[in-house]
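This is what each chain is made of:
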Amino acid sequence: MFTTKNGRHWLAAAAITGAAALALTGCAGGGDAGGEYDPEEEVTLNFTWWGNDDRADRYGQLIEAFEAEHPNITIDGTFTDFPSYWEKRKTEAAGGGLPDVWQFSDSYLREYAEPGLLLDLETVGDQIDFDAFDEGLKQTGQLDGTQYSLPTGYSSWAVFLNDALLEEAGVEPYEGGTSYDEYTEWMAEVTEATGGEVYGGTDMTQRIQTFENVLRAQGGNLYTEDGELGFTEDELRDFWNSGAEARDGVAIPQQQLEEIAPISGFGSNRTASEASWSNFLGGYLADSGAESVTIVAPPIDEAGGKDLYRQAGLQVAISADTDHPEAAALWLDFVVNSEEAGEVFGTTLGFPASETKLAGTTLEGVDAQVADYLDSVADRIGDAPPVPVVGYGSLEQTFWDLGKSIGLGAVTVDDAVEQFFAEAKVILG
């Protein structure tokens, strides 16, 4: 049980291990809300999200604001870490028990929309302001022209630096935008300067997002419009092999990361840098307790490459079988559109995708940092990638798990490549 600073209690759902890969079973064909909202009806909505205690505290504040405005609606909230979150949803989908409203990801759009597990938001359009969104951002929650989810904001991949740790180490901050080899050299400088008490960073080849950036800088993508992988076994092998130097005493050992999970090396002050989405700044500050964190552009090997994009993957969706679609839509709209959401979350759920949410966001401090960073990498922003393939979320997790196994020495790069492509063949058919 987690208690927010305002006294609200949230259940942090236990991690689910060994969950079976249950097949998704279709529900009521995309949902037909029908009916009208009754403001006198007492309603309880189940709402869940992934994230850390900082995010839970912010959701607690937003829920209190919403319930004050809609005293007939009670929001019952739970949260967990990202991998456990999707294992739980998979189990619920197979059993017909998805939450009324849930934090969603565009990585799973096909997987949950095609079987009819998500509500068509147009059926509750009276409760949602779609016009507050830029058309391109709104389309991130669409499949075949149907709006199944809406983004809370957008982010771009970034590198975070712990200013105090670097000052203590006597190492100049990473300038950003160098080659990957130069970034590894900088990490080595930090690790050597601290005698390994603080590492320069984490093996970047663990994350599929880094591989995506490498492919995009060369004009490619992770997957094609036809739902196939956009890279070869040799390309993946070369990518994972490129992390060998970082794994050889430069980056934090994977065993240490396993011991402190789910807190990251950066969040636990064991690394001076880490790559992730730009909206992670608030969470990193909360986890690490650092007074200041700098955001810089990630490495790139191709001059003029358009490797980055406006990633609006963090979304909110409604389950097709909810008993209260109109009330659920009011809560979804409050999360993605309200000025209160902008005030409470700032840029921690991404730079606000909605004009009305942005109007409530005061761009100062952390939020101004994120805004400035997004402006600084504007010349590297390219077109959004194709809509994620069915099973992309599972492939992303498989990639991460194999990357960690390589770091632990539990699997060779060649075997990891073979396992990834075997898994992809099953998932993508």
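This report concerns the structure included in the present document.

Parameters and conventions
Residues numbered from 1 in each chain as written. Predicted model: local features only at pLDDT ≥ 70, side-chain atom pairs only at ≥ 80, totals over all residues. Heavy atoms only, no water. Patch = residues over 30% accessible without salt bridge, like charges linked within 9 Å, V, L, I, M, F, W, Y side chains within 5 Å. Areas by Shrake-Rupley, 256 points an atom, 1.4 Å probe, with all protein chains shown as cover. Salt bridge = Lys/Arg side-chain N within 4 Å of Asp/Glu carboxyl O. Lys, Arg positive; Asp, Glu negative; His and termini not counted. Charge placed at Lys NZ, Arg CZ, Asp CG, Glu CD. Helix = DSSP H or I, 4+ residues; strand = E, 2+ residues; numbered from the N terminus. 1 Å grid on protein atoms, 1.4 Å probe; cavity = no way out; pocket = protein on both sides within 12 Å on 5 of 7 lines; lining within 4 Å. Points joined across faces, edges and corners; volume = space filled by probe spheres on them. Nonpolar A, V, L, I, M, F, W, Y, C, P; charged D, E, K, R; others polar. Pairing = 2+ DSSP bridges. Axes fitted to C-alpha atoms, helices over the stretch in contact; angles between N-to-C directions. Contact = heavy atoms within 4.5 Å. Buried < 20%, exposed > 50% of the residue type's maximum accessible area, 1.4 Å probe, protein only.

### Some words on a negative patch on the surface
Together, Glu175, Asp181, Glu182, Glu185, Glu245, Asp248, Asp301 and Glu302 make up a negatively charged patch on the protein surface. Of all the elements in the fold, those that place two or more residues in the negative patch are α6 (180-193) and α9 (244-250). Here the element with the most residues in the negative patch is α6; it accounts for three residues. Along the chain, glutamate 245 falls in helix α9.

### Some words on empty space enclosed by the protein
Under the criterion given, the structure shown has two cavities of 30 Å³ or more. By volume, the largest cavity amounts to about 70 Å³. Elements supplying a minimum of two residues to the lining of the largest cavity: α16 (392-408) and α17 (413-428). Across the lining of the largest cavity, the residue classes break down as 10 nonpolar, no polar and no charged. Within this model, the second largest cavity holds a volume of roughly 40 Å³. Lining the second largest cavity are Ser156, Trp157, Gln209, Glu212, Asn213, Trp277, Asp307, Leu308 and Tyr309. Of the residues that constitute the lining of the second largest cavity, the class distribution is four nonpolar, three polar and two charged.

### Focus on the sheet that holds strand β12 (residues 293-296)
Strand order across the open sheet formed by three strands is β11-β10-β12, with antiparallel pairing between neighbours. Only two strands of the sheet have a single partner each, and these edge strands are β11 (273-277) and β12. Pairwise comparison of adjacent strand axes, ignoring direction, gives a mean angle of 35° for this sheet. The strands touched by helix α15 (residues 366-376) are β10 (157-162) and β12; relative to β12, the strand with the most contacts, the crossing angle is about 15°.

### Focus on the pattern of salt bridges
Under the criterion given, the structure shown has 10 salt bridges. With a shortest N-O distance of 3.0 Å, aspartate 54 and arginine 58 are connected by a salt bridge. Highlighted residues: aspartate 54 and arginine 58, both in helix α1 (residues 53-69), separated by four residues, approximately one helical turn. For the residue pair aspartate 54 and arginine 58, the accessibility class agrees, reading buried in each case.

### Structural notes on the side chain of arginine 55
Among the secondary structure elements, arginine 55 is positioned in helix α1. Although buried, arginine 55 forms no salt bridge, and the nearest oppositely charged side chain, aspartate 54, lies 6.7 Å from it. Each residue touching arginine 55, except ones within four places of it in the same chain, is listed here: Trp49, Trp50, Gln103, Asn279, Leu314, Phe345, Thr348 and Leu349.

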